[in-house]
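Here's the letter readout for the chains.
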Amino acid sequence: MTVQSHVFQPEGVDEHDDLAAAKDAQGTTWIRVSDGTAAELEAVGETFGIHALELEDVRNDVRPKVEQFEDHLFVLLKTATLREGETTFAEEVKTRSVGIFVGPDWLVTLSTQTIPAVGLVWDAVTREEKRLLARGPDFTAYRIVDAIVDSYFDVLDEIESDIEAVEEEVVGATGLDLLEDINELRRDLLSVRRVLWPTRDAVSVLARGDLDFVDETTEKYYRDVYDHVVQLVELNETYRDLVTGARDIYLNSLSMSTNEVMKTLTVVATIVLPLTFVVGIYGMNFETMPELSWPYAYHAVMLGMAGIAGVMVLYFRREGWL
Amino acid sequence: MTVQSHVFQPEGVDEHDDLAAAKDAQGTTWIRVSDGTAAELEAVGETFGIHALELEDVRNDVRPKVEQFEDHLFVLLKTATLREGETTFAEEVKTRSVGIFVGPDWLVTLSTQTIPAVGLVWDAVTREEKRLLARGPDFTAYRIVDAIVDSYFDVLDEIESDIEAVEEEVVGATGLDLLEDINELRRDLLSVRRVLWPTRDAVSVLARGDLDFVDETTEKYYRDVYDHVVQLVELNETYRDLVTGARDIYLNSLSMSTNEVMKTLTVVATIVLPLTFVVGIYGMNFETMPELSWPYAYHAVMLGMAGIAGVMVLYFRREGWL
Amino acid sequence: MTVQSHVFQPEGVDEHDDLAAAKDAQGTTWIRVSDGTAAELEAVGETFGIHALELEDVRNDVRPKVEQFEDHLFVLLKTATLREGETTFAEEVKTRSVGIFVGPDWLVTLSTQTIPAVGLVWDAVTREEKRLLARGPDFTAYRIVDAIVDSYFDVLDEIESDIEAVEEEVVGATGLDLLEDINELRRDLLSVRRVLWPTRDAVSVLARGDLDFVDETTEKYYRDVYDHVVQLVELNETYRDLVTGARDIYLNSLSMSTNEVMKTLTVVATIVLPLTFVVGIYGMNFETMPELSWPYAYHAVMLGMAGIAGVMVLYFRREGWL
Amino acid sequence: MTVQSHVFQPEGVDEHDDLAAAKDAQGTTWIRVSDGTAAELEAVGETFGIHALELEDVRNDVRPKVEQFEDHLFVLLKTATLREGETTFAEEVKTRSVGIFVGPDWLVTLSTQTIPAVGLVWDAVTREEKRLLARGPDFTAYRIVDAIVDSYFDVLDEIESDIEAVEEEVVGATGLDLLEDINELRRDLLSVRRVLWPTRDAVSVLARGDLDFVDETTEKYYRDVYDHVVQLVELNETYRDLVTGARDIYLNSLSMSTNEVMKTLTVVATIVLPLTFVVGIYGMNFETMPELSWPYAYHAVMLGMAGIAGVMVLYFRREGWL
Amino acid sequence: MTVQSHVFQPEGVDEHDDLAAAKDAQGTTWIRVSDGTAAELEAVGETFGIHALELEDVRNDVRPKVEQFEDHLFVLLKTATLREGETTFAEEVKTRSVGIFVGPDWLVTLSTQTIPAVGLVWDAVTREEKRLLARGPDFTAYRIVDAIVDSYFDVLDEIESDIEAVEEEVVGATGLDLLEDINELRRDLLSVRRVLWPTRDAVSVLARGDLDFVDETTEKYYRDVYDHVVQLVELNETYRDLVTGARDIYLNSLSMSTNEVMKTLTVVATIVLPLTFVVGIYGMNFETMPELSWPYAYHAVMLGMAGIAGVMVLYFRREGWL
């Protein structure tokens with residue numbers, strides 16, 4: 001069953017099957033639709049005066065936002081989870097929309113996929129903290145918003161360990177795989193940022209303090225959530241900077257590697273080529289080459305070449321090429 | 001015939017040949033000029049009190065905008081299509097302007113080229129959804145704006161497949177062709193952005209809610225369109241990021257390629273040059289070279305050189321150069 | 001004669017030599033000073049109550065702007081022309097200032113250099129379109145502003161052909177000359193932007209609609225000019241992007257060129273060095289080298305070397321280095 | 001003891017153990033909790049009407065901010081110290097939060113770690129400058145804010161000496177260690193900036209002049225602090241620029257190094273290879289090689305080769321490669 | 001003497017030793033403290049009601065700003081001079097603060113170092129233009145502000161010649177010295193910008209027109225100064241662009257240089273290595289090598305090699321490597 005309804009009354013919690021009855025019942029009502037079909041959303045929407053466009057926003061991939069209507073407040077948020085991306089364009093950061101509707105004495109949460117954060121608050125409210133709902137639906141809405149915002153910290157934690165892994169590999173790296181990993185991380189952070197920015201705007205509207213269905217005493221809680229979102233935005237920027245740093249080290253690691261290869265070639269060629277020239281000289285077939293008949297000429301030449309090689313090795317060592 | 005006029009009345013749809021009569025007729029009038037000549041535009045403009053400057057805006061390449069006049073609302077939008085570019089400066093993203101004029105009980109759409117999005121709404125309104133026009137010309141205007149905005153998703157989809165194609169080729173690429181393709185993609189995205197940004201501003205004006213010829217009940221539909229435009233803007237930015245990422249991989253692919261070439265040269269030269277030196281030694285013509293007469297000297301030297309080569313191959317393997 | 005004065009009256013155009021008389025005459029007066037000396041500017045300024053600082057702005061290199069005074073409106077604009085630059089710091093984009101002063105029934109245009117755009121409007125007003133001035137000095141001022149703004153399209157057209165020329169040369173380029181050309185283009189575009197941005201602000205003030213000497217009916221014409229300036233600004237940005245793209249291709253063309261050179265060296269050295277080693281072996285003077293006396297050894301070695309070379313050529317072809 | 005309370009009265013300073021008594025006592029009260037436990041913070045919070053969310057802000061890692069409540073002003077600031085970082089993600093710039101609460105006649109400072117800047121002001125106020133507190137709690141709060149802001153100059157000084165050290169090593173650098181140092185410096189400056197920006201905003205609120213618990217005469221002191229924060233922000237940007245400059249020099253130092261290596265190889269190979277070819281010629285075994293029997297041929301060839309080598313050395317010297 | 005006081009009266013200029021008397025005297029008073037000690041500043045401050053914090057701003061390195069007080073206006077500006085920098089962190093652009101205090105009938109200028117711009121205005125006012133001060137202290141303040149702003153043009157001129165010098169050296173450059181020069185220029189421009197931006201804000205406040213001690217007739221003069229500051233800001237940006245352009249050319253000059261070296265190596269090695277292989281063949285000691293005994297074999301081989309070399313030279317010429 002994806003539609004659940006609870007009516008919180010001083011004497012306890014009632015469950016209703018009938019939405020209209022639940023709405024009209026004394027006390028505070030919370031209708032929670034998770035994993036809802038289009039029909040279920042419509043049924044709830046009709047009962048609580050939620051416009052078809054709002055339901056469409058919940059079903060589709062729309063930016064987080066807050067909209068004030070005459071008889072309720074509409075808060076659209078998104079949760080994010082990292083998942084294995086198969087193709088380039090399947091967004092690695094998967095988001096799910098939750099619609100939170102706050103009326104004078106009722107709260108409706110709608111989503112077409114299960115949202116763990118909403119489930120956690122539902123359980124907390126139902127089992128242990130019944131008094132929570134007694135503080136009004138706007139406070140429970142705050143609890144949900146808070147839980148959703150907190151779930152982003154998990155996403156950024158996962159990204160952080162990916163960055164850590166990349167940073168470790170980055171120095172000795174020689175292939176292009178790592179560059180693709182780095183690009184993917186940048187893309188993930190970009191996706192998260194794309195959700196965080198409008199979330200910040202939405203929460204800022206909630207904290208601003210001139211909305212009809214948010215009590216003054218709840219506003220300071222929303223300011224708290226706002227601080228968290230700002231912190232998330234900054235964390236995201238810091239991670240972008242770390243990724244850029246890792247990328248720089250990687251690119252220079254490539255360049256260093258070319259340099260290393262060049263040095264090896266230069267050292268070998270510079271020592272061996274002149275010596276090869278020397279032995280070439282004494283391989284010439286001129287009739288008159290007096291050195292050739294000197295008894296120790298061979299040994300002298302060999303010693304001389306060893307000397308030249310030694311000097312060069314010393315020179316390269318001084319240059320730091322060996 | 002490029003000028004079509006329909007008057008929607010409770011009892012049915014009337015077609016008028018006379019513009020003035022169509023305007024004055026009871027019910028809601030829609031005059032649609034597609035592929036219109038300057039004369040046709042002027043004729044319609046005169047009848048409906050549309051200023052010559054507005055008509056000029058429709059004919060020329062002007063940024064999307066919304067302007068409120070005393071007796072009507074002027075919405076200028078653009079559709080975009082990708083086409084094969086022949087020269088650098090022929091914009092690959094071709095745009096066409098549509099002028100949408102909303103009066104108290106009439107709607108005029110003007111364009112000098114056929115706009116499929118307008119045609120779709122015209123057909124829908126005429127054939128099946130006559131009641132749509134009954135909701136007032138501003139609602140039908142919303143339908144047109146919505147159709148035009150949705151058409152951008154197709155353009156971005158096409159660009160997306162181009163990006164996908166580029167991304168696949170990017171790793172092994174060695175020529176400059178791909179760089180030109182990447183530059184072209186960046187230019188396309190820039191062109192699209194140049195249309196999307198003022199479109200966003202224009203739609204935001206329509207959604208803001210203080211215009212004379214937009215009913216309050218229609219505003220929330222415009223807010224919906226606004227959300228779509230914002231999504232398009234962000235999609236565009238994401239694609240720019242993907243193109244930049246592909247470009248980075250491409251440039252490093254070039255650099256890797258140089259590195260690969262260097263390694264080959266170094267390995268070969270470093271193994272062969274010292275050996276050449278060795279055989280050079282025993283090619284010298286000194287009279288006193290005792291090794292030359294040792295019976296197995298030749299074989300020993302050959303074995304020794306094989307040993308040196310083997311050690312070097314092992315070294316290069318350890319360095320990851322082989 | 002650089003000071004010209006026309007008074008447009010219902011019955012025709014009067015020319016006055018006396019500035020004060022021209023100002024007081026019935027009808028609409030236009031005093032046009034082109035190529036004016038300091039003295040001439042001052043004489044006109046005194047008659048029409050134009051402050052010395054405003055005259056100084058016309059004479060000097062000041063940013064375009066609009067200033068509202070009690071008895072007149074001061075519009076300062078600039079025209080731009082490209083010219084051959086001799087040194088780095090002589091600005092290639094040469095600008096000239098025009099001061100346009102709009103009073104209740106008079107118009108004064110001042111400049112210290114001939115401004116073709118003003119001349120065109122003067123001729124049009126005087127010869128054919130006398131009724132134009134009848135619509136008030138603010139409408140003629142719009143005509144001048146429009147002509148000046150349109151003249152920027154010519155400048156950007158010239159820059160466009162320069163960009164086209166650079167783009168064609170960019171792929172095979174090997175020298176630094178092209179980089180200097182590209183830098184110059186960037187500098188030109190920057191100079192144009194530096195004029196366009198304040199022009200946009202100034203025209204936006206004229207279009208905004210709360211100035212004393214701009215009639216309501218003229219405002220929509222200024223909005224039109226504003227759209228043109230915005231288009232120019234965007235064109236400028238697009239050209240900057242094209243120049244950046246050309247620069248990228250150029251820089252990578254250099255890098256490709258190094259790569260090409262490397263490959264040639266590597267192919268030659270890798271084929272020839274091992275063969276040289278082989279022939280070195282059989283050049284050794286060991287007494288016991290059984291192969292030397294085999295009858296077909298020479299031919300076998302030559303064939304073997306040809307085989308090695310062939311294998312290597314195949315390998316390089318597979319790698320795409322040949 | 002981490003909770004200290006002083007009541008400043010005309011006749012002297014009283015210490016109270018009881019918080020409520022201290023609050024109600026005549027005179028100005030300062031309760032200072034440094035290194036406070038959650039319980040201690042709560043006890044103080046309860047007495048002075050500080051909300052649980054504010055206490056949480058002090059305990060957690062929240063951005064500096066100013067919040068105006070009905071009965072007190074809440075200023076949250078952070079001090080920063082550099083410390084040795086062990087892993088990439090342990091922030092090298094360690095920050096500690098201080099909550100400063102200003103009431104009509106009391107001041108409360110809360111922190112969960114010792115804050116030297118607060119201690120300095122406490123000592124100054126207690127020992128020598130009792131009259132300071134007599135000027136009202138807002139002036140003492142200014143003293144604390146000033147001391148905290150000044151402590152950032154020390155952090156930037158430390159970073160400056162690190163930059164100086166890096167700049168000295170940067171020219172001859174060949175390894176990637178330095179690049180990591182540079183990245184670390186950039187990260188540090190980023191961390192400092194992340195604290196400075198909201199601090200600037202918070203102090204700007206204090207200086208703006210419409211807060212309930214800040215006296216008009218104190219505002220100009222806050223404007224002074226504001227100037228300091230702006231200076232810190234700019235210093236930070238300058239240091240970022242220096243680090244970027246050092247990075248550029250470092251990267252080009254690498255590139256220069258490759259160039260150096262290339263030149264050595266080219267000089268040696270270009271001189272020696274042609275000579276080796278020459279001696280190879282006279283090592284050929286053709287029966288008819290008339291030169292071989294000329295008496296001074298050997299010496300002539302040697303001289304000729306010396307000549308070639310000399311010419312090449314001159315050429316390389318002219319090219320600047322030697 | 002660093003404290004000078006003049007009282008300008010209709011009948012002439014009075015010098016007063018007593019500050020209080022000078023302030024109270026009929027006419028307009030200008031107290032000028034240049035090169036002032038802390039004590040002198042305090043004495044003047046006390047007499048004219050200037051707060052200790054303002055004096056501190058004059059003494060310290062504070063950003064230019066304008067502050068409106070009840071009984072006077074405080075304008076803090078800075079002059080800039082270029083000087084030889086000894087260490088990296090000694091700012092090459094040295095700035096000096098001037099405090100300009102404008103009261104109803106008095107003007108006070110304070111500085112701890114000699115400011116030539118203030119001296120020039122002082123001399124002009126005292127010797128020739130006594131009537132200037134008669135126009136009120138705010139007009140003289142404008143003169144000082146104008147002189148200070150104009151002095152920045154000299155600084156930018158000096159930087160311009162440095163840029164010119166760098167641009168000339170940049171093409172053939174091979175060392176890192178030039179890169180350090182370029183970095184220094186960027187740093188200088190950054191320092192100048194850091195002074196110009198707040199100066200622009202301050203002058204904009206003076207030109208805005210709602211300050212107590214600035215007469216309406218003076219405002220248009222400040223607008224003029226404002227235009228100059230904006231021009232300076234833009235000049236600064238243009239110079240930054242020039243420096244960036246020079247840097248690009250320099251970096252590519254390095255890269256070109258590597259390319260040049262590579263080409264030389266490749267040409268020599270590619271021509272010589274195959275020839276060396278050929279002569280190696282005829283140096284082999286096989287018993288059966290029929291060519292060796294052909295009478296013109298030697299000459300044929302030499303000619304053949306010359307042919308190969310010739311073909312290669314042609315090839316390289318076609319490739320543009322020679």
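Residues numbered from 1 in each chain as written. Chains lettered and ligands numbered in written order. Predicted model: local features only at pLDDT ≥ 70, side-chain atom pairs only at ≥ 80, totals over all residues. Heavy atoms only, no water.

Peer 1: What exactly am I supposed to notice about the overall build of chain A here?
Peer 2: Per the secondary structure count, chain A includes nine helices and seven strands. By the compact-globule yardstick of 20 Å for 322 residues, chain A is too spread out, its C-alpha radius of gyration being 35 Å. Projected onto its principal axes, the C-alpha coordinates of chain A cover approximately 125 × 35 × 30 Å. Buried positions account for 57% of the 322 residues belonging to chain A. The long-range fraction of contacts in chain A, counting pairs at least 24 apart against all pairs at least 6 apart in sequence, stands at 64%. (Helix = DSSP H or I, 4+ residues; strand = E, 2+ residues; numbered from the N terminus. Rg over C-alpha atoms; globule rule 2.2 N^0.38 Å. Buried < 20%, exposed > 50% of the residue type's maximum accessible area, 1.4 Å probe, protein only. Contact = heavy atoms within 4.5 Å.)

Peer 1: Sorry, what's going on with the relation of the copies chain D and chain E here?
Peer 2: What connects the two chain copies is a rotation about an axis and a shift along it. Aligned on chain E, chain D shows an RMSD of 0.0 Å; the corresponding rotation is 72 degrees and the shift along the axis is 0.0 Å. Within this description, the copies of the chain are treated as partners about a five-fold rotation axis. Among all residues of chain D, the minimum C-alpha distance to the rotation axis is found for Gly283(D), at 4.6 Å. (Least-squares fit on C-alpha atoms with pLDDT ≥ 70 in both.)

Peer 1: Would you mind going over the packing of helix H7 (residues 177–208) of chain E against helix H8 (residues 216–281) of chain E with me for this structure?
Peer 2: Each pair of packed helices can be summarised by the angle the axes make with each other and by the distance between the axes. Residue and element names in this part refer to chain E. Closest axis-to-axis distance for the H7/H8 pair is 9 Å, and the angle between their directions is 160 degrees. Judged on the interaxial angle alone, H8 and H7 are roughly antiparallel. For the element pair H7 and H8, the recorded crossing hand is left-handed. Tallied by class, residues from the contact of H7 with H8 come to 23 nonpolar, three polar and eight charged. (Axes fitted to C-alpha atoms, helices over the stretch in contact; angles between N-to-C directions. Parallel < 35°, antiparallel > 145°, perpendicular 65-115°, else oblique. Left-handed = near helix turned anticlockwise from the far one by under 90°. Nonpolar A, V, L, I, M, F, W, Y, C, P; charged D, E, K, R; others polar.)

Peer 1: Is there a simple way to explain the packing of helix H8 (residues 216–281) of chain C against H8(E) in this structure?
Peer 2: Across the interface, H8(C) lies against H8(E) with an axial gap of 9 Å and an inter-helix angle of 20 degrees. One finds that H8(C) runs roughly parallel with respect to H8(E). Every pair of crossing elements has a handedness; the one defined by H8(C) and H8(E) is left-handed.

Peer 1: What am I meant to see in the UniProt feature "transmembrane region" (unreviewed entry) in chain A here?
Peer 2: Residues and elements named next belong to chain A. Under the UniProt annotation, the feature "transmembrane region" (unreviewed entry) is placed at residues 265–284 and 296–316. What you have in residues 265–284 is 85% helix and 0% strand, and the ends, taken at the C-alpha atoms, are 28 Å apart. Summarising residues 296–316: 95% helix, 0% strand, and an end-to-end C-alpha distance of 30 Å. (UniProt positions renumbered as here; feature names shortened; annotations may be inferred.)

Peer 1: So what exactly am I meant to see when it comes to the sheet that holds strand S5 (residues 73–82) of chain D here?
Peer 2: Strand pairs in the sheet, formed through backbone hydrogen bonds, run parallel or antiparallel to each other. Residue and element names in this part refer to chain D. If you walk across this open sheet you meet the seven strands as S2-S1-S3-S7-S6-S5-S4, and the pairing is mixed. A strand with exactly one partner marks an edge of an open sheet, and here the two such strands are strand S2 (12–15) and strand S4 (65–68). Each strand of the sheet is rotated relative to its neighbour by a mean of 20 degrees, with strand direction disregarded. Where strand S1 (residues 3–9) lies against strand S3 (residues 28–33), six bridges are found, and the strand directions are antiparallel. Counted as the bridge partner of Ser 5 is Ile 31 from S3. Running over the sheet, helix H7 (residues 177–208) touches S4, S5 and strand S6 (93–102) and is turned about 155 degrees from S5. (Pairing = 2+ DSSP bridges.)

Peer 1: In this structure, what is going on with a negative patch on the surface? I would like to understand it.
Peer 2: Residues and elements named next belong to chain B. On the surface, Asp 150, Asp 154, Asp 157, Glu 158, Asp 162, Glu 164, Glu 168, Glu 169, Asp 177, Glu 180, Asp 181 and Glu 184 cluster together to form a negatively charged patch. Those elements that place two or more of their residues in the negative patch are helix H6 (137–169) and helix H7 (177–208). Examining the composition of the negative patch, we find that eight residues originate from one element, H6, more than from any other. (Patch = residues over 30% accessible without salt bridge, like charges linked within 9 Å, V, L, I, M, F, W, Y side chains within 5 Å. Areas by Shrake-Rupley, 256 points an atom, 1.4 Å probe, with all protein chains shown as cover. Salt bridge = Lys/Arg side-chain N within 4 Å of Asp/Glu carboxyl O. Lys, Arg positive; Asp, Glu negative; His and termini not counted. Charge placed at Lys NZ, Arg CZ, Asp CG, Glu CD.)

Peer 1: I tried to follow the interface of chain B and chain A on my own but got confused; where do I start?
Peer 2: Think of interface size as the accessible area that goes away when the parts come together; that is how it is often given. Facing 47 residues of chain B, the contacting portion of chain A comprises 53 residues. Roughly 4,600 Å² of surface becomes buried between chain B and chain A when both sides are summed, with 66% attributable to carbon and sulfur atoms. Summed over the three residues of chain B that lose the most area to chain A, namely Phe277(B), Asn285(B) and Phe286(B), the buried surface amounts to 14% of that side. Between the two partners, chain B and chain A, sit six salt bridges. A salt bridge links Arg63(A) to Glu234(B); the nearest nitrogen and oxygen atoms lie 2.1 Å apart. Our count for the contact surface shared by chain B and chain A stands at 14 residue pairs in polar contact (both at pLDDT 80 or more). Contributing elements (two or more residues each) for the side of chain B that touches chain A: H6 and helix H8 (216–281) of chain B. Broken down by element, the side of chain B that touches chain A gets its largest block of residues, 31 residues, from H8(B). (Buried area = accessible area lost by both parts, 1.4 Å probe. Polar contact = N/O pair within 3.5 Å; in protein donor to acceptor, adjacent residues only side chain to side chain.)

Peer 1: Help me understand the packing of aromatic side chains, please; the structure alone is not making it clear to me.
Peer 2: In this description, an aromatic ring pair is defined by two values, namely the gap between the centres and the angle between the planes. Enumeration according to the criterion identifies 50 aromatic pairs over all chains in this entry. Ring geometry for Tyr142(B) against Tyr221(B): centres 5.1 Å apart, planes inclined by 50 degrees, an arrangement best described as tilted. Note that Tyr142(B) is positioned in helix H6 and Tyr221(B) in helix H8, a separation of 79 residues in sequence. Through pairs of rings, three or more aromatic residues link up here, namely Phe139(A), Tyr142(A), Tyr221(A) and Tyr222(A). In this structure, Arg200(A) is placed above the aromatic ring of Trp197(A), and the distance from its NZ or CZ to the ring centre is 4.6 Å. (Phe/Tyr/Trp six-rings, centres within 6.5 Å; stacked < 30°, edge-to-face > 60°. Lys NZ or Arg CZ within 6 Å of the ring centre and 35° of its normal.)

Peer 1: Teacher, can you tell me more about the pairing of strand S7 (residues 106–110) of chain E here?
Peer 2: Successive residues of a regular strand alternate their side chains across the two faces of the sheet. Residue and element names in this part refer to chain E. In terms of burial, S7 is largely enclosed, as five of its five residues are buried. Of the two faces of S7, the one holding Trp 106, Val 108 and Leu 110 and the one holding Leu 107 and Thr 109 are both buried throughout. By the bridge criterion, five bridges tie strand S3 (residues 28–33) to S7 in an arrangement that is parallel. Across the sheet, residue Arg 32 finds its bridge partner in S7, namely Thr 109. Pairing of strand S6 (residues 93–102) with S7 involves four bridges; the strand directions are antiparallel. Paired with Val 102 across the strands is Leu 107, a residue of S7. Counted between consecutive antiparallel strands, the loop separating S6 from S7 contains three residues.

Peer 1: Which parts of the structure should I look at to understand the domain arrangement of chain A?
Peer 2: Along its sequence, chain A is carved into domain 1 (3–254) and domain 2 (257–319). On a C-alpha basis, the centroid separation for the pair domain 1 of chain A and domain 2 of chain A is 73 Å. (Domains from an automatic or database assignment.)

Peer 1: Explain the side chain of Asp227(C) to me, please; I cannot follow it from the model alone.
Peer 2: Topologically, Asp227(C) is positioned in helix H8. Of the residues examined, Asp227(C) reaches a relative accessible area of 12% and is grouped as buried. The contacts of Asp227(C), once residues within four sequence positions are left out, are Asp57(B), Val62(B) and Lys65(B).

Peer 1: I keep staring at the interface of chain D and chain E and nothing clicks. Help me out?
Peer 2: If you look at the interface, chain D gives 46 residues, while chain E gives 53 residues. Between chain D and chain E, a total of about 4,600 Å² is buried, with carbon and sulfur atoms accounting for 66% of that surface. For the chain D face of the interface with chain E, the top three residues by lost area are Phe277(D), Asn285(D) and Phe286(D), together amounting to 14%. Here chain D is connected to chain E by six salt bridges. Note that Asp227(D) is salt-bridged to Lys65(E), the shortest N-O span being 2.4 Å. In this structure, the connection of chain D to chain E is made through 13 residue pairs in polar contact (both at pLDDT 80 or more). Elements that contribute at least two residues to the side of chain D that touches chain E include exactly helix H6 (137–169) and helix H8 (216–281) of chain D.

Peer 1: I tried to follow the environment of Gly175(A) on my own but got confused; where do I start?
Peer 2: Within the secondary structure, Gly175(A) sits in the loop between helix H6 (137–169) and helix H7 (177–208). Sequence separation between Gly175(A) and Val268(A) is 93 residues, and the spatial gap between their C-alpha atoms is 26 Å.

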